[in-house]
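Geometric and topological summary
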Number of protein chains: 2
Amino acid sequence: MSESRYAYQGLDPLLHAPARLSIVTALYAHRSGLTFVEVRDLCELSDGNLSRHLRKLEQEEVVRSTKGFVGRTPQTKIEMTVAGRIRFERYVEQLRVIVEHDVPAGATIGGGPLGLRAAD
Amino acid sequence: MSESRYAYQGLDPLLHAPARLSIVTALYAHRSGLTFVEVRDLCELSDGNLSRHLRKLEQEEVVRSTKGFVGRTPQTKIEMTVAGRIRFERYVEQLRVIVEHDVPAGATIGGGPLGLRAAD
């Protein structure tokens, strides 16, 4: 086995935090952007929590938000930046290496296939 | 799109922290256990850091360690418990859903395949 094969300290802490991972995965999958309310509901975050994490993601230029109106109702549209998409792809690639390569597939003493879903 | 499809707050915080994720992935892949020194080198952790994380993993009964001797040299052997393996498999299953299902595969504006390795 190679040295430091399992050193995952490089996992991007901005994206690794579960709440922000939720936000960026939702935005990555919706390239035309999402409203604040859509992100909040898709990620099951409170308004305050979502605002806090979005501020951090905006500071790092991973997402950008635009305030506008739909009729007379103010609406905030959020989307990922190109740099954010690239950064996220790098992070996901590292996760892929872990789940598809570093964790041996097949029989385990833990039992058979679990079939659990993150959202269950 | 379904509501709360991207709610990842349930990701097990004990296993999600990068240093502990390194440790349990290495131990999961080596079913007969590893020595303290092997884990330290595979995960690129300092002695103090590894001890601290192992204590936490032992408290939660995810790993167990046995102190012994090889000749006259003390050696600590660390292995995952059955409960730990099951808990880890659940966690990995959630990561799999994210990288294989929630993140759309194929063309992205971020560019083509990155081919990055976690350990690069």
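The following refers to the structure shown. (Residues numbered from 1 in each chain as written. Chains lettered and ligands numbered in written order. Predicted model: local features only at pLDDT ≥ 70, side-chain atom pairs only at ≥ 80, totals over all residues. Heavy atoms only, no water.)

1. Some words on the pairing of strand β2 (residues 63-70) of chain B
All names here are of chain B.
- Here β2 pairs with strand β3 (residues 73-80) via eight bridges, running antiparallel. Note that in β3 the partner of Gly68 across the bridge is Gln75.
- Between β2 and β3, which follow one another and run antiparallel, lie two residues, and Gly71 among them has a positive phi close to 65°. (Pairing = 2+ DSSP bridges. Helix = DSSP H or I, 4+ residues; strand = E, 2+ residues; numbered from the N terminus.)

2. Considerations on the packing of aromatic side chains
All names here are of chain A.
- In total, this model carries two aromatic pairs over all chains according to the counting rule given.
- Judged by centre distance (5.0 Å) and plane angle (55°), the ring pair of Tyr28 and Phe88 falls under tilted. With Tyr28 in helix α2 (residues 18-29) and Phe88 in helix α5 (residues 82-102), this residue pair connects regions lying 60 residues apart in the sequence. For the pair shown, Tyr28 and Phe88 are each scored as buried.
- Note that Arg85 overlies the ring of Tyr28, its terminal NZ or CZ placed 4.1 Å from the centroid. (Phe/Tyr/Trp six-rings, centres within 6.5 Å; stacked < 30°, edge-to-face > 60°. Buried < 20%, exposed > 50% of the residue type's maximum accessible area, 1.4 Å probe, protein only. Lys NZ or Arg CZ within 6 Å of the ring centre and 35° of its normal.)

3. Notes on helix α2 (residues 18-29) of chain B
All names here are of chain B.
- Taking 1.5 Å of rise per residue, twelve residues should cover 16 Å, and α2 covers 16 Å from first to last C-alpha, within 8% of that figure.
- For α2, the tally of buried residues reaches ten of twelve residues, placing the bulk of the element in the interior.
- Of the residues making up α2, those classed as buried are Ala19, Arg20, Leu21, Ser22, Ile23, Val24, Thr25, Ala26, Leu27 and Tyr28. (Expected span 1.5 Å × (residues − 1).)

4. Describing the sheet that holds strand β1 (residues 34-35) of chain B
All names here are of chain B.
- Ordered in space as β1-β3-β2, the three strands form an open sheet in which the pairing is antiparallel. Strand pairing shows two members of the sheet lacking a second neighbour, β1 and β2, which therefore form its edges.
- Against the sheet, α2 engages β1, β2 and β3, with an angle of about 90° to β3. (Contact = heavy atoms within 4.5 Å. Axes fitted to C-alpha atoms, helices over the stretch in contact; angles between N-to-C directions.)

5. Description of the pairing of β3 of chain B
- Note that β1 of chain B and β3 of chain B share two bridges and pair antiparallel. Residue Leu34 of chain B lies in a different strand from β3 of chain B, and its bridge partner there is Ile78 of chain B.

6. Some remarks on the pattern of salt bridges
- Taken as a whole and judged by the stated rule, the model has twelve salt bridges over all chains.
- The residue Arg40 of chain A makes a salt bridge to Asp41 of chain A at a minimum N-O spacing of 3.2 Å.
- In this structure Arg40 of chain A comes out as partly exposed when scored by relative accessible area, which is 23%.
- Residue Arg64 of chain B pairs with Glu79 of chain B through a salt bridge whose shortest N-O separation is 3.5 Å. Highlighted residues: Arg64 of chain B in strand β2 and Glu79 of chain B in strand β3, separated in sequence by 15 residues.
- A relative accessible area of 41% means that Arg64 of chain B is categorised as partly exposed.
- Since its relative accessible area comes to 23%, Glu79 of chain B is described here as partly exposed.
- One network of salt bridges, with partners in common, ties together Asp12, Glu60 and Arg87 of chain A. (Salt bridge = Lys/Arg side-chain N within 4 Å of Asp/Glu carboxyl O.)

7. Structural notes on the sheet that holds strand β1 (residues 34-35) of chain A
All names here are of chain A.
- Here three strands make up an open sheet; going across it, the order is β1-β3-β2 and the pairing antiparallel. Strands with a single pairing partner mark the edges of an open sheet, and in this sheet they are β1 and β2 (63-70).
- Across the sheet, helix α4 (residues 47-59) is in contact with β2 and β3 (73-80); its angle to β2 comes to roughly 120°.

8. Let's talk about the nonpolar core
- Core analysis: the biggest nonpolar cluster contains 64 residues, and Ile23 and Phe88 of chain A together with Ile23 and Phe88 of chain B have the highest contact counts within it.
- Excluding anything up to four places from it in sequence, Ile23 of chain B contacts Val39, Cys43, Leu45, Leu50, His53, Leu54 and Leu57 of chain B. (Core = buried A, V, L, I, M, F, W, Y, C linked by side-chain atoms within 4.5 Å.)

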